[in-house]
Structures are given as structure tokens and as C-alpha cells.
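Coordinates in review
Spelled out from the first residue to the last, the chains are:
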Amino acid sequence: MPIKPHKLGIIGVGRVGEAVLFDAMASGIFARIVLIDTKEGLPEGQALDQHHATAVPNMPNTTVIAGDYDDLTDADVIVIAAGPSIDPAKGPATGADRRELAATNGRIMREVMTEITKRNHDAAIIICSNPLDANVHIASTEFDHPQGLVMGTGTLLDSARMCRIIADHVGVNPEFVRGYMIGEHGPSGFPHISGVNVGGVSFEGLPRVFGVDPLDPDDIATRTNNGGTDVFNLKGWTNAGVGQAAMTIARAIVRDERSLYPVCTTLHGQYGHDGDVSMSTPCIIGARGVEQIVEVPLSEWEQGHLATTIQAIQDTVAIAS
Ligand SMILES: NC(=O)c1ccc[n+]([C@@H]2O[C@H](COP(=O)([O-])OP(=O)(O)OC[C@H]3O[C@@H](n4cnc5c(N)ncnc54)[C@H](O)[C@@H]3O)[C@@H](O)[C@H]2O)c1
């Protein structure tokens with residue numbers, strides 16, 4: 001029997017779906033990519049563009065097609081980037097504006113999940129569409145798909161933004177800054193300050209060891225959470241970071257890496273919650289998707305933020321219900 005090539009589906013190939021497609025093509029880990037979008041001509045155009053690109057020297061000869069849900073029956077990974085983003089015509093955006101997409105994108109999420117789960121119960125589903133945590137909660141709790149296989153890019157991108165802020169402050173390569181944003185992909189997400197580690201040095205130790213001014217946790221939270229809208233208000237959309245985040249998760253699944261990424265997932269016993277909220281916390285990501293949800297120890301400051309972020313996510317889910 002021939003080896004089955006890895007297949008990726010991307011649903012919604014606007015700005016975000018396109019970034020996922022570019023990163024998937026460059027990664028070379030998928031041999032087949034299926035594009036689905038309700039906008040006539042868009043998936044066909046994206047597929048043709050990439051078909052030409054595969055002929056450029058050093059590009060993997062990936063097969064990219066515009067397809068439909070029947071083409072996802074044997075998909076290994078499906079990325080959902082369908083549904084509108086914040087409208088830049090409305091003026092400068094804040095992170096909270098993502099929550100206003102709840103009703104529209106909740107409906108789209110239900111449409112898309114209905115079609116997927118008629119055909120496939122094995123694929124890992126990675127959600128990018130906002131409001132991220134509410135959409136993951138809908139997909140994870142309302143449909144017959146293994147919950148460990150339903151996740152969102154969550155705060156993987158926010159965590160990268162936080163590590164970038166600390167790395168720039170200390171003057172080191174961000175690869176050597178470890179730390180997670182927990183909770184909502186939105187304004188109530190908070191930095192897990194007690195887990196920050198720069199070359200073995202804790203957050204409190206940074207000024208003494210690296211000779212830098214102390215950082216304020218509230219300021220890090222604000223700057224990190226404003227990161228997405230800082231980009232959005234300049235260029236009208238964001239897509240580079242979320243595309244990388246989705247493909248980082250996909251790679252961890254296909255390669256069974258057991259990497260620890262803060263994806264959005266439905267809690268089952270962690271932080272005293274069971275099935276009533278979906279949020280980001282570090283998770284072990286491997287071939288079975290979310291293989292373990294990690295409940296990290298929280299300081300008093302972090303526990304206060306946890307309660308706030310869970311309430312914010314649950315309020316957004318209520319709007320989408
Ligand atoms: N998680 C993150 O970090 C992050 C970052 C940026 C954007 N986003 C979110 O990603 C989503 C997409 O953003 P974008 O900038 O690509 O928007 P976009 O408008 O450029 O693209 C959305 C695409 O979805 C398609 N679509 C709509 N309904 C569909 C359906 N039922 N089935 C298939 N396709 C459908 C549209 O035709 C469009 O091509 C938004 O919800 C946005 O808020 C998330």
C-alpha cells in the first residue's frame with residue numbers, strides 16, 4: 001500500500017488563510033492542500049497562484065486544489081480561517097472589537113463544523129477565526145468530534161509577542177525567552193509572569209542579572225494584548241503571526257512533537273473548570289492533538305486575572321449562542 005500523503009484543508013482563504021497557505025507551502029510537510037471559501041473564484045485563484053509557485057526552484061511540489069468538503073474526508077489537519085475580521089473602515093480598533101464578531105462568526109463556525117463532522121472525525125482542527133475562544137468553544141462542545149482534536153491558535157501568537165517584548169528589553173534572542181500568555185486571545189489574556197524564564201533567570205531576577213530596568217506585569221499585559229491591533233491599525237489586517245502559529249501547531253501534530261504550546265482548548269478539570277470554558281494554557285501537542293492540558297501554578301495576581309479572563313470568554317460565548 002502506498003504511504004498516505006499528509007493532507008491539509010484550509011477553510012477561508014482571505015488574508016489569514018492565505019498566510020497559512022504560504023507557510024504550509026514553505027514548510028513542505030503537506031503533500032496535498034485543499035482550499036475552501038464561499039467567495040467565488042478566490043480558492044481557485046489561490047490554488048492556481050500556488051500551482052505556478054511550485055515550479056520555482058526549491059519549492060516543494062505540493063498539490064494545491066480548490067475543493068469542497070468531500071475533499072476533506074481524509075484530511076489530517078484542517079485550519080479554519082473563515083469569517084470576517086474587524087472592519088478597518090470603522091476606524092482604529094481595540095482588541096475588544098474581536099468580541100463583536102461573535103454572532104456572525106459563531107454562525108459561520110457552526111456551518112463549517114457541520115460540514116466537516118459529516119465527513120471526518122479524525123482530523124486535527126485548528127481555528128484562527130475570532131473571537132477565537134468562543135469559536136473554539138462552539139466547535140469543541142457542540143459537535144461530535146474528539147475534543148482533543150479541536151483547538152485554536154489561542155495565545156501562541158500573544159505569547160510570542162510577550163517574549164518579543166521581554167527579549168527586546170533584555171537584549172537577547174527571543175528564542176531564549178520562555179513564557180506564556182494565558183486565557184483569552186483578547187484584552188483579558190494575561191502574562192504568566194511567575195513562569196517567565198530567560199536563560200534560567202526568573203522575571204524578578206532580570207534587572208539584577210541583566211542590568212535592565214524592572215518591567216511592570218500590567219504594562220506587559222497591555223502592550224502584548226495591544227500587539228494585534230497595533231498591526232491592524234497600521235496595515236488594516238494581521239496575518240503573518242497567526243499563519244505561523246497555525247502552522248507551528250500543525251507541524252507539532254504531524255510530527256508528533258509533544259511540544260508545549262498555549263493553544264485554546266476546552267478545560268476538563270484544570271483551574272476548577274470542566275467543559276464550561278475554552279481558553280489558552282500550555283498544552284502538550286502531539287499526534288492526538290491536545291494530549292495534555294497543563295494547569296500551571298498561578299500567583300495571586302495571576303489568579304485574579306484568570307477569573308476575569310474566564311468571565312470575558314463566557315460572556316462572548318453567550319453572545320454567539
Ligand atoms: N487568531 C488570530 O490571531 C487572528 C489574527 C488575525 C485574524 N484573525 C481572524 O481570522 C478571521 C479571518 O480574517 P481575515 O483577515 O483572513 O479575513 P478575510 O475577510 O480576509 O477572509 C475571510 C474569508 O472567509 C471567507 N468565508 C466567509 N464565510 C465562509 C464560510 N462559511 N465558508 C468558507 N469561507 C468563508 C470569506 O469569503 C473570506 O475570504 C477573522 O475572524 C479574523 O478576526 C485571527
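Rules behind the numbers
- Residues numbered from 1 in each chain as written.
- Predicted model: local features only at pLDDT ≥ 70, side-chain atom pairs only at ≥ 80, totals over all residues.
- Heavy atoms only, no water.
- UniProt positions renumbered as here; feature names shortened; annotations may be inferred.
- Helix = DSSP H or I, 4+ residues; strand = E, 2+ residues; numbered from the N terminus.
- Pairing = 2+ DSSP bridges.
- Phe/Tyr/Trp six-rings, centres within 6.5 Å; stacked < 30°, edge-to-face > 60°.
- Lys NZ or Arg CZ within 6 Å of the ring centre and 35° of its normal.
- Right-handed = clockwise from strand over helix to strand, strands pointing away.
- Axes fitted to C-alpha atoms, helices over the stretch in contact; angles between N-to-C directions.
- Left-handed = near helix turned anticlockwise from the far one by under 90°.
- Contact = heavy atoms within 4.5 Å.
- Nonpolar A, V, L, I, M, F, W, Y, C, P; charged D, E, K, R; others polar.
- Near = heavy atom within 4 Å.
- Polar contact = N/O pair within 3.5 Å; in protein donor to acceptor, adjacent residues only side chain to side chain.
- Areas by Shrake-Rupley, 256 points an atom, 1.4 Å probe, with all protein chains shown as cover.
- Salt bridge = Lys/Arg side-chain N within 4 Å of Asp/Glu carboxyl O.
- Buried < 20%, exposed > 50% of the residue type's maximum accessible area, 1.4 Å probe, protein only.
- Core = buried A, V, L, I, M, F, W, Y, C linked by side-chain atoms within 4.5 Å.
- Expected span 1.5 Å × (residues − 1).

As named in an unreviewed UniProt entry, the chain is L-lactate dehydrogenase, taken from Cutibacterium equinum. Comment text from UniProt for the chain, heading Sequence similarities (unreviewed entry), reads "Belongs to the LDH/MDH superfamily. LDH family."

**Digging into the UniProt feature "domain: Lactate/malate dehydrogenase N-terminal" (unreviewed entry) in the chain**
Residues annotated in UniProt with the feature "domain: Lactate/malate dehydrogenase N-terminal" (unreviewed entry) correspond here to residues 7-151. Helix and strand shares over residues 7-151 are 35% and 17% respectively, and the end C-alpha atoms of the span are 18 Å apart.

**Observations regarding the sheet that holds strand E11 (residues 201-202)**
Strand order across the open sheet formed by 3 strands is E7-E10-E11, with antiparallel pairing between neighbours. Taken across any chain shown, the strands that pair with only one partner, and hence form the sheet edges, are strand E7 (177-178) and E11.

**Structural notes on the packing of aromatic side chains**
For the coordinates displayed, the defined rule picks out 0 aromatic pairs. Across the ring face of tryptophan 237, the terminal group of arginine 15 is positioned such that the distance to the ring centre comes to 3.5 Å.

**Observations regarding the pairing of strand E3 (residues 63-66)**
The sheet contact formed by strand E2 (residues 32-36) and E3 spans 4 bridges and is parallel. Note that in E3 the partner of leucine 35 across the bridge is alanine 66. Traced from E2 through helix H2 (residues 42-53) to E3, the parallel crossover comes out right-handed.

**Structural notes on the packing of helix H4 (residues 132-141) against helix H10 (residues 300-320)**
Where H4 meets H10, the closest approach of the two axes is 9 Å, and the angle between their N-to-C directions is 65°. You can see that H4 and H10 cross each other, and the crossing is right-handed. The residues of H10 that touch H4, namely those facing Asp133, Ala134, His137 and Ile138, are Ile313, Thr316, Val317 and Ala320. Across the contact of H4 with H10, the residue classes tally to 5 nonpolar, 2 polar and 1 charged.

**Let's talk about the site of the ligand**
The full set close to the ligand counts 26 residues, and Arg15, Val16, Asp37, Pro84 and Cys128 are the nearest of them. Arginine 15 places a polar main-chain atom, nitrogen or oxygen, 3.0 Å from an oxygen atom of the ligand. Take serine 85: an N or O atom from its side chain is 3.4 Å from an oxygen atom of the ligand. Coverage of the ligand by the protein chains reaches 86% of its 850 Å² of free accessible surface. Elements that contribute at least two residues to the shell around the ligand include exactly helix H1 (15-27) and helix H3 (102-117).

**So, the pattern of salt bridges**
By the definition in use, this model includes 13 salt bridges. The closest approach of N and O atoms between lysine 4 and aspartate 76, which form a salt bridge, is 3.0 Å. With lysine 4 in the segment before strand E1 (7-11) and aspartate 76 in the loop between E3 and strand E4 (77-80), this residue pair connects regions lying 72 residues apart in the sequence. Residue lysine 4 is classed as partly exposed on the basis of its relative accessible area of 45%. Take aspartate 76: its relative accessible area is 25%, and that puts it in the partly exposed class.

**Remarks on the nonpolar core**
Formed by 49 residues in total, the largest nonpolar core has its most connected members in Leu8, Ile33, Ile126, Met151 and Ile285. For this core, the leading source of residues is helix H9 (residues 240-254), giving 8 residues. Beyond its immediate sequence surroundings of up to four residues, isoleucine 285 is in contact with Met151, Ile249, Ala252, Ile253, Glu257, Arg258, Ser259, Tyr261, Val263 and Val290. Counting 26 residues, the second-largest nonpolar core is a separate cluster that includes Ala75, Leu132, Phe143 and Ala320.

**A short note on unusual backbone geometry**
Here the amide bond leading from asparagine 130 into proline 131 is cis, since omega sits at -5°, within 30 degrees of zero. Secondary-structure assignment places proline 131 in the loop between strand E5 (124-127) and H4. With phi around 55°, arginine 258 is a residue other than glycine that occupies positive phi space. Turning to its location among the elements, arginine 258 is positioned in the loop between H9 and strand E12 (259-268).

**Remarks on the side chain of glutamine 46**
Within the element layout of this structure, glutamine 46 appears in helix H2. In this structure the side chain of glutamine 46 is engaged in a polar contact, spanning 3.2 Å, whose partner is the side chain of glutamate 18. The contact partners of glutamine 46, leaving out residues within four places of it in the chain, are Val13, Gly14, Glu18, Leu21 and Leu35.

**Focus: H9**
If you check H9, its first and last C-alpha atoms are 21 Å apart, about what 15 residues at 1.5 Å a residue would give, namely 21 Å. For H9, every residue scored as buried is listed here: Val242, Gly243, Ala245, Ala246, Met247, Thr248, Ile249, Ala250, Ala252 and Ile253. Looking at the residues trailing H9, positive phi occurs at aspartate 256, about 50°.

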